[in-house]
Amino acid sequence: MILVNSVDPLCWYANPMVKRTDAWNTRSTISRWAHVLERIGLALTGGSCGLFVAAYIARADIDLIGSAVAVLAMMLYGAAGFYLGIDLPPAPPDHRLRLPRRHGLGSRADVVELLSAAGTFLAAVATVVSVSSIVMDETARASTAILIGFGWAIGATMQIAAGIIARMPVGDSATS
């Protein structure tokens, strides 16, 4: 484990960001349990986001979400998105380019990070709109509900894609 310091070493505080460099099999039992609990929490959060978006779509009386199977599918898809796309494995230590960058926008790890962040943002915005509409007891229009549902699905798909890309070996990807 490496503690990353702030830019000024004379500063009275240290940057509290801890970067994990230990492999899974060398971590302590407490660290492993913390990671497992974190991943379960992320999956539950994604599942509840899927549930709220499904409830919002159901309020619009769209036959698309007429069954418990469709709601369960949205919950599982949201859980997969948050499980895979938020807690990305660390990038290789040599993925950063020298600053200032003269050519290109960044590395493969940077693109995956952006994909994950954008997906999380899109899924969260769709969920907040859904929950606020439900709490305020607003009547959901079919067009708005479909737009919210697609926005959430695109966000969850972006998270899943980022998680899969981040876990692929670098040599197997055409985007490296």
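Nothing here was measured: the structure is a model prediction, and the numbers come from that model. (Residues numbered from 1 in each chain as written. Predicted model: local features only at pLDDT ≥ 70, side-chain atom pairs only at ≥ 80, totals over all residues. Heavy atoms only, no water.)

**Some thoughts on the confidence of the model for the protein**
What counts here: The predictor attaches a confidence to each residue, and that confidence, scored 0 to 100, is pLDDT. Residue contacts are counted whenever heavy atoms from the two residues lie within 4.5 Å of one another.
When pLDDT is averaged across the protein, the result is 78; 71% of the residues are at 70 or more. Segment residues 1-19 is flagged for pLDDT under 50; beyond a separation of four residues in sequence, or across chains, it makes 19 contacts in the model.

**Comments concerning helix 4 (residues 142-167)**
Rules: Each helix is a run of DSSP H or I of at least 4 residues and each strand a run of E of at least 2, with the numbering of both proceeding from the N terminus. What a helix is expected to span follows from its residue count: subtract one and scale by 1.5 Å. When a residue's accessible area, from a 1.4 Å probe over protein chains only, is under 20% of the maximum for its type it is buried; when over 50% it is exposed; and in between it is partly exposed.
Compared with an ideal rise of 1.5 Å per residue, which puts 26 residues at 38 Å, helix 4 spans 37 Å between its outermost C-alpha atoms and is within 8% of the ideal. Three or more residues of helix 4 are buried, namely Ala 145, Ile 148, Gly 149, Gly 151, Trp 152, Gly 155, Ala 156, Gln 159, Ile 160, Ala 162 and Gly 163. Those residues of helix 4 that are buried lie in contact with helix 1 (29-59), helix 2 (68-85) and helix 3 (108-135).

**Considerations on the packing of aromatic side chains**
Each pair of aromatic rings is reported with the distance of its centres and the angle of its planes. To keep things clear, this is the line we draw: Centres within 6.5 Å make a pair out of two Phe, Tyr or Trp rings, where for Trp the six-membered ring is used; the pair is then stacked when the planes are under 30 degrees apart, edge-to-face when over 60, and tilted otherwise.
Here the structure, examined in full by the defined rule, presents one aromatic pair. Summarising the aromatic geometry, the rings of Tyr 77 and Trp 152 are spaced 6.3 Å apart at their centres and angled 65° between planes, so their arrangement reads as edge-to-face. With Tyr 77 in helix 2 and Trp 152 in helix 4, this pair connects stretches of sequence that are 75 residues apart. Exposure remark for Trp 152: the relative accessible area of 3% places this residue in the buried category.

**Brief notes about helix 1**
If you check helix 1, its first and last C-alpha atoms are 45 Å apart, about what 31 residues at 1.5 Å a residue would give, namely 45 Å. Where helix 1 terminates, the next one or two residues include Asp 61, which has phi positive at roughly 55°.

**Description of the nonpolar core**
Heads up, the rule is: Residues enter a nonpolar core if they are buried and are Ala, Val, Leu, Ile, Met, Phe, Trp, Tyr or Cys, with the set joined through side-chain atoms within 4.5 Å.
Val 53, Ile 57, Met 74, Ala 145 and Trp 152 are the most contacted members of the largest nonpolar core, which has 16 residues in total. Broken down by secondary-structure element, the contributors of at least two residues to this core are helix 1, helix 2, helix 3 and helix 4. When residues in this core are grouped by element, the largest group, five residues, is from helix 1.

**Concerning the pattern of salt bridges**
Inclusion rule: A pairing counts as a salt bridge when a side-chain nitrogen of Lys or Arg comes within 4 Å of a carboxyl oxygen of Asp or Glu.
With the rule as written, the count across this model stands at one salt bridge. One salt bridge connects Arg 59 with Asp 137, and the closest N-O pair in it is separated by 3.1 Å. A residue pair is termed long-range when its members are at least 10 positions apart, and Arg 59 in helix 1 and Asp 137 in the loop between helix 3 and helix 4 qualify at 78 residues. Residue class for Asp 137 comes out exposed when judged on its relative accessible area of 58%.

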